[in-house]
Structures are given as structure tokens and as C-alpha cells.
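Summary of the model geometry
Residue-level listing of the chains:
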Amino acid sequence: MSNIVFENVSYTYTEQPNLSNIPFAVKNINLTIEKGSSVVILGHNGSGKSTLAKLINGILLPTSGKVTVNGMDTSNQENILEIRRTVGMVFQNPDNQIVATVVEEDVAFGPENLGVPPHEIRSRVEYALNAVGMSEFRLHAPHQLSGGQKQRIAIAGVIAMKPQYIILDESTAMLDPYGRREILDTAHSLNKNENITTVLITHYMEEAVYADRVIVMNDGSVVMDGSPAYVFSNVDKLKAIGLDVPQPTELLYLLSKDGHKLPAGIMTVKDAADALEKYLLKGE
Amino acid sequence: MLKDITLGQFFPGNSPLHKMDPRMKIIISAIFIVAIFFAKNIFSFALLILFSLILTTLSGIKHSVILKGLKPIVFIVVFTAIINIFWTKGETPLINFGIIKIYPEGIYTAAFMIIRVVSLVVGTSLLLSYTTSPIALTDALERLMNPLKKLKVPVHEFAMMMTIALRFIPTLIEETEKIMNAQKARGADFESGNLLNRLKALVPILIPLFISAFRRADELAVAMECRCYHGGDGRTKMKILRFSVFDFVWLFVMLIFSVSVFCLNYIPTTIKLSF
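Reading the values: rules and limits
- Residues numbered from 1 in each chain as written.
- Chains lettered and ligands numbered in written order.
- Predicted model: local features only at pLDDT ≥ 70, side-chain atom pairs only at ≥ 80, totals over all residues.
- Heavy atoms only, no water.
- Helix = DSSP H or I, 4+ residues; strand = E, 2+ residues; numbered from the N terminus.
- Rg over C-alpha atoms; globule rule 2.2 N^0.38 Å.
- Buried < 20%, exposed > 50% of the residue type's maximum accessible area, 1.4 Å probe, protein only.
- Contact = heavy atoms within 4.5 Å.
- Areas by Shrake-Rupley, 256 points an atom, 1.4 Å probe, with all protein chains shown as cover.
- Domains from an automatic or database assignment.
- Buried area = accessible area lost by both parts, 1.4 Å probe.
- Expected span 1.5 Å × (residues − 1).
- Salt bridge = Lys/Arg side-chain N within 4 Å of Asp/Glu carboxyl O.
- Pairing = 2+ DSSP bridges.
- Axes fitted to C-alpha atoms, helices over the stretch in contact; angles between N-to-C directions.

**So, the overall build of chain B**
Counting secondary structure elements, chain B contains nine helices and two strands. Mapped from its N terminus to its C terminus, chain B presents α and β elements in the order α-α-α-α-β-β-α-α-α-α-α. Computed over C-alpha atoms, the radius of gyration of chain B comes to 25 Å, more than 25% over the 19 Å expected from 2.2 N^0.38 for 275 residues, which places it beyond the range of a compact globule. Principal-axis analysis of the C-alpha atoms gives chain B an extent of 70 × 60 × 35 Å. A burial count over chain B gives 37% of its 275 residues as buried. Put simply, 77% of the contacts in chain B that link residues at least 6 apart link residues at least 24 apart. Entry remark: accessible area of chain B is about 16200 Å², with carbon and sulfur atoms responsible for 72%.

Next comes the structure, spelled out in C-alpha cells:
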């Protein structure tokens, strides 16, 4: 039972549940996130994607339905520490999640809360800082670091708790392109090398390209769920809910709309160039 | 610019003072303060000066820094010294200008008072702020006050608050700068006008600053919860503080110092003090 399961989950922020027309942030979600996968949840502002993330580790409890992590129900208070240890969460603003004035102290915060013995905390901190490539900054003050570096510290703080899942809730939204790259590479390497399930919540399409699975949310519901190739081959559908597609996809989409026979669901520049070359050579 | 201010004036280093366990520093500072107030005659005051000088040399902190640290107390020291000089009564006046009579006792009292305040400030800032990082100090306070937990004093919570406050000072300073620039770009004027106008000009800085601080607090609370924070119960610490032999040598030296101050007070001198 190592996965995250949503069973018919709805959540509303309103406090009067007997209103006739309740605005649900998410409604009737049925979803299973398998361990070891890398998942991207796409959606524009207000689509319910952040609510979904907070439901996973029990920061929010479902208004109706049930969320379980490795079989543990989030609504059971006894499970909550174990769930939060299992599911690490990194937020949008790097400044607002760093607690201590020294990098290594901050990374140690999670394990300290869990009551891990001191010498083991030390080795976990070293391991976590290594995993995000920040070992040399261990004694720096957080405010001396760049946005991307701070966010990597936040990720290290989560890794030190030895989680099975890491949710990055718009963690790249406040970063410059370079910082964004840092975080995506870190997430990618955690998924591949440490076998940690990563759930990336974002509204940047490019971040979805390398995921195993893309879930598209709109108005509190899942509207598309599948491989990146599958999701990005439905350009019309994505545009209808106000989402963009990666530039290469867009180019091929526009060309095929003009009658050129090009494959759909291509996401990288290289693949697009290859497809175009093949098409042009064939056309000659 | 504002970002570069040093917090609590900590100067990293490797001196014997830097190496002392922060808990021992707090204990030693307390003993030092008590000793200062026991000093009553010229010999004990001489010892006080000697000890302050030894501390200064051992710390490796530049003298200019220490003198700078004394600046804020110059006014109060001078003011009390003057009061002591003019208002202390003795037997035979040194200078007699009718109403104004200056007695030698007044001058001695003023001099001793200056030594007392200066060595107090120098000693405690050398021990606590110049050579101890704020985080080590907070940590040490939490550990020293740990027994108070039995009396339901929220020791851990206070220490956590201190840590978070220290952590967010640079962040909030940076934020203040941003808001000021944003308001300036909209034509706000912080530099001219009378005091009232300038105070009024601060309102558009303070309100956004407070709103953002509350939002930060909210987000930080959620982030802490996500990292399994549930108060001080069952919490461990990565850093283990251990007293070394060296720390006990310091304690021993300090105790000898205090006892000497106390004993030196009994050496008879001709100088009489009014305290």
C-alpha cells in the first residue's frame, strides 16, 4: 500500500457547509499517485492544484471523501506526524519556510522535531545537503543565498526527514530561470537517484515535459491525466482551459492546423526539429 | 545597505573566549556582574580593571570596536559622574565656590562609578555579544532554563520565538527597503517636512510591512507544521553542548576573581566612599 490515494475527495474553504451552492476548491477527486513516479500537476490559478497538495499531508482535511498515504488516513490525528514525515512539502516562497539562521540548523529542523538522535541528525543533514548540492553552504546564513539556493535548502530540509514523497507546490514560481532549472534538476535527480516520488505543482508547461505523468486540473476537477505526450497532443483542450503548451508543441500544432501532416505531442526542440526534418525530406 | 548590519555585534573568531561553551559564558557573566557590584575600594576596582583588560586581550576583538560599543553609554556615564561630583558631601571641600563645593569623595565616587559601568559593559559584551553568535546564545539560554520547564515556563517556545525573530530580521529589513523604494517611486517623500509629516510618511511603509509580516508568519507556521513541528516535546537537537575541562578552568578563574574582589574590599584605605 505504498501510494497516495484520493477517494472521492471534495474540499471547500467556506465555513457554511449548508449553503446550497458551495464553491468547491476541489470536487470529487479520484486519484492514485504511485510510489516512485514523477508527477506534474498543471493548472492555472484557482484550479485547485495547491488545495490538492495540502490535502495530501493533512494541512487541509477533506470536506468529504478520504485521502490516504501508504494506507494511513489523513483525517486520523494519530497518523499526522508519520504522514508529514512520509510526504515532504516545499512551498512557493523560499524565505517563508526557512526557520533557522544557519543553513545546517535549518536542515536539521525536521529531524529534530521527529526526535532523531543527534549523531544521526548530523549524518542526515550531511546527506541531505549533498543530495541538493549545497554542502559548501552549510554554515551560511539563509539571507546570503540566492532564491534557487534557498529553495534547495528547503528541499534539503525535507529530504532530511527521509520522505517517500516530495511535493513541490509552485516552488519555482518565484525564481528566475536559472533558479528554476536548479530546482527542476534537483527534483529530477531525487526521483531518479533516491527513488523519491516527486509531485510538481506548477503552471509552467516546460516543467511537465520530463514527468512520467501529467495531471491537468481546472475548476477543482481533473480534466486530463496521462503521459506528457498524451496531454500535450490535446492542444485544443489545453487552450480551452487557458493553459499554454511548450513552444515546440505549439509550432507543430499550428503547422498541422495548416494542413501539414506532423505528429502531435512533441515537446522538446530536438524532437520538433527531427520531426520537421523528416517531414521536409519526405515532402521533397 | 541596511542588509549589512551585524546582528548583536557578533565577530566570528577562534579565541579562548569564542571557544567557551555558551552556557558557561552566561554563568560567568552572571558571576562577573555580581563581582562588579561587590567591589568597594581602590584595590578591588583595580582588579576589576585588570580583569576587563585580560578579557579584552584574550578575545582578540579590536580595541576600536570595544570603544565604539561604549559610545551609547557615554552620555549616561558622564551625566551620573557630574551628579556624583557635585552632590556628594564629604568632610573637607577640595574646591569651595560658595554654593558649589566639590569634595574629594565625590571625585572618587564618580571615578569608581565610571569603572564599574564601563567594566560591566565591556565584560558582558565581550563574553556574550562579541564572541557568541545569537543562535548559540539562544540555544544556551534554552538549555540553562530547561529545569524551569517543570514549572510550566514555556522555555522552548521562547527560544523558538527568539530564533525566528533573529532569522527574519534581515528578511524584514530587505522588505522595508523594497517597500520604501516602491513608495518613493510613487512619489512618497520621507526626507522633508516637520517631524509630524515624516511620521505620517512612515504609515504607508508600516502598513504593507505588517501585512506582509503576518502573511509570512502564516506561511511559516504551515511550513513548520509540514516539517512535523509540534512544540518542544520529544524534540532532539543536532548540536550537543558539552562542557570541556577548559570551561571549568574559566569558572574556577572567575570564582577566584570574585572571591579576590570580595577580600580586597577589607584592605583598609584612606579613601572613603559614599556607597
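**Points about the overall build of chain A**
Across its full length, chain A carries 10 helices and 10 strands. Over its C-alpha atoms, taken along the principal directions, chain A stretches across nearly 70 × 55 × 35 Å. When each of the 284 residues of chain A is scored for burial, the buried share is 55%. Of the contacts made within chain A by residues no fewer than 6 positions apart, 63% connect residues no fewer than 24 positions apart. Accessible surface computed for chain A: about 12400 Å², of which carbon and sulfur atoms make up 50%.

**So, the domain arrangement of chain B**
Residue and element names in this part refer to chain B. Considered domain by domain, chain B is made up of domain 1 (2–146 + 241–264) and domain 2 (154–226). Relative placement of domain 1 and domain 2: their C-alpha centres are 34 Å apart. Contacts between the two partners involve 10 residues from domain 1, matched on the other side by 11 residues from domain 2. Buried surface at the junction of domain 1 and domain 2, both sides included, amounts to about 1000 Å², of which 78% is carbon and sulfur.

**Side note on helix α2 (residues 22–38) of chain B**
Residues and elements named next belong to chain B. Over its 17 residues, α2 extends 25 Å from the first C-alpha to the last, a length consistent with the 24 Å expected when each residue adds 1.5 Å. If you check which residues of α2 are buried, you get P22, R23, M24, K25, I26, I28, S29, I31, F32, A35 and I36. The inward-facing, buried residues of α2 contact α1 (16–19), α3 (42–59), α5 (104–130), α6 (134–144) and α9 (245–264).

**Remarks on the interface of chain A and chain B**
On the chain B side, the residues contacting the 37 residues of chain A number 29 residues. Both sides of the chain A and chain B interface together cover about 3100 Å² of buried area, and 59% of this is carbon and sulfur. Of all residues in chain A, N96, N113 and H143 of chain A give up the largest surface area on contact with chain B, accounting jointly for 22% of the area buried on that side. Applying the counting rule to chain A against chain B returns five salt bridges. Note that E112 of chain A is salt-bridged to R235 of chain B, the shortest N-O span being 3.1 Å. Counting residues per element, the side of chain A that touches chain B draws most heavily on helix α3 (residues 103–113) of chain A, which supplies 10 residues.

**Considering the sheet that holds strand β4 (residues 64–69) of chain A**
All names here are of chain A. The strand order across the open sheet formed by four strands is β2-β1-β4-β5, and the pairing between neighbours is antiparallel. Here the strands that pair on one side only, and so sit at the sheet edges, are β2 (24–34) and β5 (72–73). Here β4 pairs with β5 via two bridges, running antiparallel. Bridge pairing in β5 places V69 opposite M72. The sheet contacts of helix α1 (residues 49–56) involve β1 (3–12), β2 and β4, and relative to β1 the element is tilted by about 120°.

**Quick word on unusual backbone geometry**
Residue and element names in this part refer to chain A. Backbone geometry places N195, a non-glycine residue, at a positive phi of 55°. Relative to the assigned elements, N195 resides in the loop between α6 (177–193) and β8 (197–202). Even without being a glycine, D219 presents a positive backbone phi close to 55°. In this structure, D219 sits in the loop between β9 (213–218) and β10 (221–226). Among the residues examined, D219 registers a relative accessible area of 55% and is labelled exposed.

**Here we look at the sheet that holds β8 of chain A**
Residues and elements named next belong to chain A. Spatially, β6-β7-β8-β3-β9-β10 is the arrangement adopted by the six strands of the open sheet, whose pairing is mixed. Pairing within the sheet leaves two strands with one partner each, and these edge strands are β6 (87–90) and β10. On average, adjacent strands in this sheet sit at an angle of 20° to one another, irrespective of strand direction. α6 rests against β3 (38–42), β7 (165–169) and β8 of the sheet, and its axis sits at about 155° to β8.

**Quick notes on the pattern of salt bridges**
Per the counting criterion, the structure on display carries 24 salt bridges over all chains. Here E105 of chain A makes a salt bridge to K239 of chain B, at a shortest N to O gap of 3.0 Å. Of this pair, E105 of chain A sits in helix α3 while K239 of chain B sits in the loop between α8 (195–226) and α9, which puts the two residues in different chains. A residue is classified by how much of its surface remains accessible, and K239 of chain B, at 32% relative accessible area, is partly exposed. Taking the shortest distance from any N to any O, the salt bridge between D225 of chain A and R213 of chain A comes out at 2.9 Å. Pair noted here: D225 of chain A is in strand β10 and R213 of chain A is in strand β9, with a separation of 12 residues, a long-range link. Look at D225 of chain A and you get partly exposed, because its relative accessible area is 32%.

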